[in-house]
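Each chain is listed here by its residues.
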Amino acid sequence: MEDESSETSNKARLAIMELANMISVPMSLNAAVRLGIADAIWNDGTNSPISAAEILPRLLLPSHTTVGGDPENLQRILRMLTSYGVFSEHLSGSTERKYSLTDVGKTLITDSSGLSYAAYVLQHHQEALMRAWPLVHTAVVEPEAEPYVKANGEAAYEQYGKSEEMNGLMQKAMSGVSVPFMKAILNGYDGFKSVEHLVDVGGSAGDCLRMILEQFPNVQGGINFDLPEVVAKAPNIPGVTHMGGDMFQSVPSGDAIFMKWVLTTWTDEECKQIMKNCYNALPVGGKLIACEPVLPKETDDSHRTRALLEGDIFVMTIYRTKGKHRTEEEFKELGLAAGFPTFRPFYIDYFYTILEFQK
Ligand SMILES: C[S@@+](CC[C@H](N)C(=O)[O-])C[C@H]1O[C@@H](n2cnc3c(N)ncnc32)[C@H](O)[C@@H]1O
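From a predicted model like this one, the values you see are computed outputs, not experimental measurements.

### Quick word on the packing of helix 12 (residues 164-188) against helix 13 (residues 207-215)
(1) Moving on: At their nearest, the axes of helix 12 and helix 13 sit 9 Å apart, and the two run at 25° to each other. It follows from the interaxial angle that helix 12 and helix 13 lie roughly parallel. Like other packed secondary-structure pairs, helix 12 and helix 13 cross with a definite hand, here right-handed. Within the contact between the two elements, helix 12 uses Ser175, Ser178, Val179, Met182 and Leu186 and helix 13 uses Asp207, Cys208, Met211, Ile212 and Gln215.
(2) Moving on: Tallied by class, residues from the contact of helix 12 with helix 13 come to 6 nonpolar, 3 polar and 1 charged.

### Let's talk about the site of the ligand
(1) Moving on: Taken together, 16 residues surround the ligand, and among them Met174, Ser178, Gly202, Ser204 and Met247 come closest.
(2) Moving on: Taken together, the residues of the shell around the ligand break down into 9 nonpolar, 4 polar and 3 charged.

### Thoughts on the environment of Ala132
(1) Moving on: With respect to the helices and strands, Ala132 occurs in helix 8 (residues 127-132).
(2) Moving on: Spatially, the C-alpha atoms of Ala132 and Gly93 are 45 Å apart, while their sequence positions differ by 39 residues.
(3) Moving on: Apart from the residues within four sequence positions on either side, Ala132 is in contact with Pro147, Tyr148, Ala151, Thr317 and Ile318.

### What about the domain arrangement of the protein?
One widely used convention gives an interface's size as the accessible area the parts lose upon coming together.
(1) Moving on: For the protein, the domain assignment lists domain 1 (7-106) and domain 2 (118-358).
(2) Moving on: Averaged C-alpha coordinates put domain 1 and domain 2 at centres separated by 32 Å.
(3) Moving on: At the junction of the two partners, domain 1 supplies 4 residues and domain 2 supplies 4 residues.

### Points about the pairing of strand 7 (residues 287-295)
(1) Moving on: With 9 of 9 residues buried, strand 7 lies mostly within the body of the structure.
(2) Moving on: For strand 6 (residues 256-260) and strand 7, the ladder comprises 5 bridges, and the chain directions are parallel. Note that in strand 7 the partner of Ile257 across the bridge is Leu288.
(3) Moving on: Summarising the sheet, strand 7 and strand 10 (residues 352-358) pair through 7 bridges and their orientation is antiparallel. What sits directly across from Glu292, in strand 10, is Thr353.
(4) Moving on: Examined bridge by bridge, strand 7 and strand 8 (residues 326-327) share 2 bridges and lie parallel to one another. In the strand pairing of strand 8, Val294 is matched with Arg326.
(5) Moving on: Handedness of the crossover joining strand 7 and strand 8 through helix 16 (residues 303-319): right-handed.

About the criteria used
Residues numbered from 1 in each chain as written. Predicted model: local features only at pLDDT ≥ 70, side-chain atom pairs only at ≥ 80, totals over all residues. Axes fitted to C-alpha atoms, helices over the stretch in contact; angles between N-to-C directions. Helix = DSSP H or I, 4+ residues; strand = E, 2+ residues; numbered from the N terminus. Parallel < 35°, antiparallel > 145°, perpendicular 65-115°, else oblique. Left-handed = near helix turned anticlockwise from the far one by under 90°. Contact = placed C-beta atoms within 7 Å. Nonpolar A, V, L, I, M, F, W, Y, C, P; charged D, E, K, R; others polar. Near = placed C-beta within 6 Å. Domains from an automatic or database assignment. Buried ≥ 20, exposed ≤ 12 C-beta atoms within 10 Å, placed from the backbone. Pairing = 2+ DSSP bridges. Right-handed = clockwise from strand over helix to strand, strands pointing away.

Written out as structure tokens, the structure is:
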């Protein structure tokens, strides 16, 4: 029997307590976004350390808030998220704590286009999605139906399509994450150089295509292809034609196809179908340029591996029990099965990998 007072046992008991209480982390992050803490501290670029009591009057509090809110409870949230690198804590005197934003916290500041990672945090913690989480274990015992479907009676994308609020939040979340990613890859990847007609499959509001067109004037026109209810809400973008449809039926032709964060959501068979439809829409030599999270072969405790594995469980729970994050080898196999003889990965961003499949 293990000696409960040994250092190993002590560390193990601590680690399991941390894991068992881990839900406090995303829930506090969600609270921080709902309250607008990042913008309040940032204060148009100041980011000077301020106390919870000073942050409170700057927050997005509803009018019925009790006596202007509770600074002690706000400080508890700030402290916990400081431990996860969202805020920096500055101690002054014996008890006063002040907070500023770290680089991680700054990803939540609303930019001049109204975007940040905040919408992604909110999107992931909507009530309908939260209802699926206690059912993760059912993905093991009854993998036929997604936990999200068991909890809500229909698939996530079907529900987003019917609700203006969910659809709008999804688009804002995608834009908030995709815009900084695209800025990073467009400086390091030149695969769009010889493309004239580009199609973005599952392009949501069209931000990726807009940014590619801005950076590569050789791309004369782009088609943003997504579900009809999604493109109906997409803004006008010069040079971009929005087209509604179903990628499982067919996709529009172009000399290259871009597809970001789409394959992850679907099963191997569904991915092959989507990729075959892309193959059929391309000329010989044409490229499918996919950007997807790619799992490392080995499991470790790095931030990258954790972010990728956590996203994998999100997909399993919300979108498809057999939709998943894949390894480089698995993507290569999917490409071959869809007819693409050539495959090249480019590691520029830490979360998404660019996967080039050439016909
Ligand atoms: C995770 S989002 C990625 C959006 C965008 N590519 C980005 O990275 O910001 C997946 C997209 O696939 C779209 N989608 C889902 N099912 C689809 C279908 N059957 N045909 C076309 N698009 C679909 C969704 O509406 C959504 O915009």
